[in-house]
2 protein chains.
Amino acid sequence: MTWLDLADDTPFGLENLPYGAFSIAGALERRIGVPLGDHVLDLTAAAEETAAPFAPLLTAGVLNPLLAAGPDTWREVRETLRNWLTEPRYADQLRPHLHPLTEVTTHLAFEVADYVDFYSSEQHALNAGRIFRPDAAELPPNWKHLPIAYHGRAGTVVASGTPVVRPHGQRKPRTADAPSFGPSQRLDIEAEVGFVVGVPGTRVSTADFADHVFGVCLVNDWSARDIQAWESQPLGPFLGKSFATSVSPWIVPLAALDHARVDGPPQDPEPLEYLRTTEKWGLDLAIEVRLNGHLVSSPPFATQYWTAPQQLAHLTVNGAGLRTGDLFASGTVTGPDRDQRGSFLELSWGGREPLDLPDGRTRTFLEDGDEVAISATAPGPGGTRIGFGEVRGTVVPG
Amino acid sequence: MTWLDLADDTPFGLENLPYGAFSIAGALERRIGVPLGDHVLDLTAAAEETAAPFAPLLTAGVLNPLLAAGPDTWREVRETLRNWLTEPRYADQLRPHLHPLTEVTTHLAFEVADYVDFYSSEQHALNAGRIFRPDAAELPPNWKHLPIAYHGRAGTVVASGTPVVRPHGQRKPRTADAPSFGPSQRLDIEAEVGFVVGVPGTRVSTADFADHVFGVCLVNDWSARDIQAWESQPLGPFLGKSFATSVSPWIVPLAALDHARVDGPPQDPEPLEYLRTTEKWGLDLAIEVRLNGHLVSSPPFATQYWTAPQQLAHLTVNGAGLRTGDLFASGTVTGPDRDQRGSFLELSWGGREPLDLPDGRTRTFLEDGDEVAISATAPGPGGTRIGFGEVRGTVVPG
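What counts as what
Residues numbered from 1 in each chain as written. Chains lettered and ligands numbered in written order. Predicted model: local features only at pLDDT ≥ 70, side-chain atom pairs only at ≥ 80, totals over all residues. Heavy atoms only, no water. Contact = heavy atoms within 4.5 Å. Buried area = accessible area lost by both parts, 1.4 Å probe. Salt bridge = Lys/Arg side-chain N within 4 Å of Asp/Glu carboxyl O. Helix = DSSP H or I, 4+ residues; strand = E, 2+ residues; numbered from the N terminus. Nonpolar A, V, L, I, M, F, W, Y, C, P; charged D, E, K, R; others polar. Pairing = 2+ DSSP bridges. Least-squares fit on C-alpha atoms with pLDDT ≥ 70 in both. Buried < 20%, exposed > 50% of the residue type's maximum accessible area, 1.4 Å probe, protein only. UniProt positions renumbered as here; feature names shortened; annotations may be inferred. Domains from an automatic or database assignment. Polar contact = N/O pair within 3.5 Å; in protein donor to acceptor, adjacent residues only side chain to side chain.

S.K.: Which parts of the structure should I look at to understand the interface of chain A and chain B?
M.R.: It is common to report an interface's size as the accessible area lost on association of the parts. Opposite the 51 residues of chain A that make contact, chain B presents 51 residues. Buried surface at the junction of chain A and chain B, both sides included, amounts to about 4800 Å², of which 61% is carbon and sulfur. Its largest share of buried area at the contact with chain B, chain A owes to Arg153, Leu235 and Phe238 of chain A, together 17% of the area lost on that side. Linking chain A with chain B are 2 salt bridges, by the criterion used here. Linking Arg153 of chain A and Asp326 of chain B is a salt bridge whose minimum nitrogen-to-oxygen distance equals 2.8 Å. For the side of chain A that touches chain B, the elements supplying multiple residues, two or more each, are strand S7 (149–152), strand S10 (168–171), strand S11 (180–183), helix H7 (225–231) and helix H8 (308–316) of chain A. Residue contributions to the side of chain A that touches chain B peak at 4 residues, all from S7 of chain A. Among the residues making up the side of chain A that touches chain B, the classes are represented as 28 nonpolar, 16 polar and 7 charged.

S.K.: Mind showing me how you'd approach the sheet that holds strand S21 (residues 294–297) of chain A here?
M.R.: Strand pairing in a sheet takes place through backbone hydrogen bonds and is either antiparallel or parallel in direction. All names here are of chain A. With respect to topology, 5 strands assemble into an open sheet ordered S9-S26-S25-S20-S21, the strand pairing being mixed. Strands at the two margins of the open sheet, each flanked by one partner only, are strand S9 (164–165) and S21. Note: S9 against strand S26 (residues 385–396), 2 bridges, orientation parallel. Looking at S26, one finds that Val164 is bridged to Val395.

S.K.: For this particular structure, what's the right way to read the relation of the copies chain A and chain B?
M.R.: Mapping one chain copy onto the other needs a rotation about an axis and a shift along that axis. Take chain A, turn it by 180°, move it 0.0 Å along the axis, and it overlays chain B with an RMSD of 0.0 Å. What the rotation and shift describe, once combined, is the action of a two-fold rotation axis. Relative to the rotation axis, the C-alpha of Gly236 of chain A is the closest in chain A, positioned 2.1 Å from it.

S.K.: What's the story with the environment of Leu4 of chain A in this structure? I'm lost.
M.R.: Residue and element names in this part refer to chain A. Topologically, Leu4 is positioned in the segment before strand S1 (20–24). Measuring from C-alpha to C-alpha, the distance between Leu4 and Pro173 comes to 57 Å, with 169 residues separating the pair along the chain. Among residues more than four places away in sequence, those in contact with Leu4 are Leu36, Leu85 and Leu98.

S.K.: Looking at this structure, how should I read the pattern of salt bridges?
M.R.: When charged atoms on two side chains of opposite charge get close, those side chains can pair. Overall, the coordinates contain 47 salt bridges over all chains when judged by the stated rule. Taking the shortest distance from any N to any O, the salt bridge between Glu270 of chain A and Arg276 of chain A comes out at 3.6 Å. Residue Glu270 of chain A is classed as exposed on the basis of its relative accessible area of 57%. Under the relative-accessibility criterion, Arg276 of chain A is labelled partly exposed at 37%. Here Arg225 of chain B ties to Asp188 of chain B by a salt bridge, and the two come within 2.8 Å at their closest N and O atoms. Of this pair, Arg225 of chain B sits in helix H7 (residues 225–231) while Asp188 of chain B sits in strand S12 (residues 187–188), placing them 37 residues apart in sequence. Here Arg225 of chain B matches Asp188 of chain B in class, with each residue buried. Three or more residues joined by partner-sharing salt bridges are found here, namely Asp188, Glu190, Asp221, Arg225 and Lys241 of chain A.

S.K.: Explain the sheet that holds strand S20 (residues 286–291) of chain B to me, please; I cannot follow it from the model alone.
M.R.: Residues and elements named next belong to chain B. Spatially, 5 strands are ordered S9-S26-S25-S20-S21 in an open sheet, and the strand pairing comes out mixed. Among the strands making up the open sheet, the edge pair consists of strand S9 (164–165) and strand S21 (294–297). Where S20 and strand S25 (residues 371–379) come together, 6 bridges link them in antiparallel fashion. Along S25, the bridge assignment pairs Ala286 with Thr377.

S.K.: Any chance you could explain helix H8 (residues 308–316) of chain B here in plain terms?
M.R.: Two residues of an α-helix separated by three or four positions point the same way, owing to the 3.6 residues in each turn. Residues and elements named next belong to chain B. Counting buried residues along H8, 9 of its 9 residues qualify, which places the element largely inside the surrounding structure. Along H8, the residues classified as buried are Ala308, Pro309, Gln310, Gln311, Leu312, Ala313, His314, Leu315 and Thr316. Check the buried side of H8 and you find it contacts strand S6 (115–118), strand S13 (191–197), helix H6 (209–212), strand S14 (213–220) and strand S22 (327–329).

S.K.: For this particular structure, what's the right way to read the UniProt feature "domain: Fumarylacetoacetase-like C-terminal" (unreviewed entry) in chain A?
M.R.: With numbering matched to this structure, UniProt assigns "domain: Fumarylacetoacetase-like C-terminal" (unreviewed entry) to residues 117–396 of chain A. End C-alpha to end C-alpha, residues 117–396 of chain A measures 24 Å, and it is 12% helix and 30% strand.

S.K.: What's the story with the domain arrangement of chain A in this structure? I'm lost.
M.R.: Residue and element names in this part refer to chain A. Domain parsing of chain A yields domain 1 (20–107) and domain 2 (115–396). Its C-alpha centre places domain 1 at a distance of 29 Å from the equivalent point of domain 2. Listed as interface residues are 17 residues of domain 1 and, on the opposing side, 18 residues of domain 2. Where domain 1 abuts domain 2, roughly 1300 Å² becomes buried across the two surfaces, and 77% of that area is made up of carbon and sulfur atoms. If you sort the residues of domain 1 by the area they bury against domain 2, Leu67, Trp74 and Arg78 come out on top, with a joint share of 41%. For the interface between domain 1 and domain 2, the tally reads 0 salt bridges.

S.K.: Hey, could you run me through the UniProt feature "binding site: Ca(2+)" (unreviewed entry) in chain A in this one?
M.R.: Residues and elements named next belong to chain A. Mapped onto the present numbering, the UniProt feature "binding site: Ca(2+)" (unreviewed entry) falls at Asp117, Glu190, Glu192 and Asp221. Despite a sequence span of 105 residues, these residues sit close together in the fold, their greatest C-alpha distance being 10.8 Å. Judged by relative accessible area, which is 4%, Glu190 ranks as buried. Ignoring any residue separated from it by four or fewer positions in sequence, one finds Glu190 in contact with Asp117, His124, Val219, Asn220, Asp221, Ser223, Arg225, Lys241, Thr332, Gly342 and Ile374. Of note is the side chain of Glu190, whose polar atom sits 2.9 Å from the side chain of Arg225. Locating Glu192 in the fold gives a position in strand S13 (residues 191–197).

Below, the structure written as structure tokens:
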């Protein structure tokens with residue numbers, strides 16, 4: 001099938017072909033790459049050498065020019081890649097552009113325009129309501145009518161591997177008379193899935209989703225729960241979220257996810273017309289959250305109530321325009337079981353039920369030195385798995 | 001004083017010298033300009049012709065390179081401008097670069113990185129609380145401890161003059177069982193003052209404000225109150241704000257505002273240490289809001305509870321980094337009197353007290369065809385006024 005030496009079960013096989021930005025050890029220049037097994041193909045160099053028509057889109061060190069080029073070009077690049085990798089005559093030409101993944105550094109794959117974070121897992125919304133607002137209705141009254149979202153800080157979206165400095169801020173425990181200032185004592189993660197916009201537009205119907213969205217990545221929306229709880233009324237989260245949002249290095253194109261597409265859960269009440277869908281855009285991603293190497297949660301993305309085309313239709317229905325590089329994320333992904341919760345807020349039930357770790361220690365919220373890695377795979381054709389790689393970050397003191 | 005023919009009472013005199021982006025009638029190219037009386041000086045051309053060392057900062061069609069250059073360069077450009085305009089020997093050289101303001105088109109002066117909107121007028125927060133949450137405390141418990149804010153949509157910050165398309169969205173009156181979809185019936189303005197970040201940084205102390213912030217503009221944060229009311233719980237405003245935010249063409253440098261600086265109102269309780277200030281950074285801006293040419297409100301900016309250095313210190317205290325082009329706005333500016341309210345929400349008290357217009361008509365929220373213009377001036381030296389120009393927009397049907 002391919003002249004590459006790829007393991008059958010590699011998450012980065014010919015059915016995946018995600019894109020990212022990387023630099024070769026010791027070099028400053030950022031290049032566009034495609035991971036293949038345990039190597040990365042320098043797509044910038046390969047396109048230049050083969051005089052591919054899309055080569056000029058790959059010289060910016062970020063994916064934005066490719067994102068902006070649109071679905072026809074995305075297909076063309078993907079078909080070219082598969083042709084290169086299956087035709088033996090390209091082997092000698094391309095082999096020099098394959099670098100071991102261990103010898104490259106990955107970077108933020110795209111320049112982020114606006115960053116929007118949704119709140120679309122029903123189980124997460126139920127859990128957050130029970131923990132934060134025990135006296136209120138379990139779900140806000142609007143929750144099943146629209147995919148709730150807010151704008152996050154695009155300037156602090158960072159590459160996987162960037163250390164996460166524990167934020168300082170105001171916290172006020174319910175029992176205190178006044179707030180105090182200091183390092184967050186309730187630093188948390190949110191395991192999310194992000195969607196990367198390629199083609200600008202507005203009032204994007206659910207049917208036009210794939211004409212605008214290029215691909216999918218993993219997002220860790222780090223959250224300081226104590227800062228967030230004190231600041232959020234009445235305008236929502238701000239400093240409790242804006243210190244860092246980490247994204248995975250490789251953007252998996254929608255075309256790689258054909259076998260992962262499933263129906264979303266039934267929606268009752270039926271959504272307003274602009275939120276209705278005919279195509280399946282639930283995605284059967286199996287997410288895994290690891291703390292210091294220990295698997296602590298396996299959130300199932302297929303349980304999300306609102307799908308990405310519904311989120312995009314909602315985001316743009318008021319006339320707001322999209323820009324190339326817009327990122328919108330799913331919100332915390334949480335399933336019904338305890339070991340499917342996508343945040344430590346939920347895993348420790350607001351800090352009241354510490355989580356036992358396999359090394360005999362316990363955890364409520366994150367401690368300095370903790371490393372969190374979120375990874376995911378999705379079904380590919382013929383029993384293969386499509387890998388999303390991982391988004392990783394280590395907490396360092398502020 | 002100057003070889004220019006300037007009226008004594010011009011809002012664009014030698015003590016002002018704000019910066020913006022413009023194009024000359026019929027041309028596509030965007031240039032950096034400085035309004036002087038009823039003309040604009042093409043600073044890009046003038047700097048090139050005089051071989052000014054800062055000329056390369058003025059060729060991008062937006063202010064961002066100048067913003068990023070920092071306070072020493074900002075001073076140098078301002079001193080050079082004053083030298084040019086006061087030394088008669090420059091007159092012949094510069095006159096060809098003066099264009100009547102009526103013959104140019106102004107554009108968005110800078111590329112917006114992140115957009116943050118505060119909520120820092122005590123009277124506005126009181127009014128909003130009384131109108132939206134009549135059963136709750138008048139101010140949220142956190143309000144006097146921190147300047148509340150949220151992130152807005154940077155991609156829909158638009159130049160003054162851009163038509164504002166009435167947004168569609170979900171609205172649910174309290175008496176309805178379910179939301180319906182349609183054009184906003186409560187389209188509103190928010191008269192605000194915006195601060196433009198030049199120099200990146202993080203944990204910016206209140207004392208370092210002027211090392212990072214370049215200047216000040218006017219902002220109209222258009223708001224669809226019915227969409228906002230239904231969507232905002234629990235994560236704050238989203239589509240009710242994200243369709244358009246208009247900004248004025250000219251960015252007034254902080255250096256032009258020395259005579260406008262006043263003490264902010266007394267703060268009780270005393271803020272936490274990172275929010276304390278020693279310098280005066282209240283700003284005595286007299287704002288005017290006009291609807292279809294009629295003056296409907298005169299919000300006094302000097303009454304703002306939280307000042308811009310406090311807002312910037314708060315925004316960055318959690319470690320969030322600033323980027324060149326970040327914009328943070330004051331929130332609606334509202335004074336204690338009815339004719340000092342910076343939104344129609346307040347002017348019409350939630351729609352219950354229609355506003356009488358001088359033409360015999362009334363208004364609660366905005367109708368299609370309505371034009372809103374927000375202008376401001378501030379005290380300059382020797383009885384002069386520093387003009388901010390205006391931010392203007394006309395509502396068109398969606």
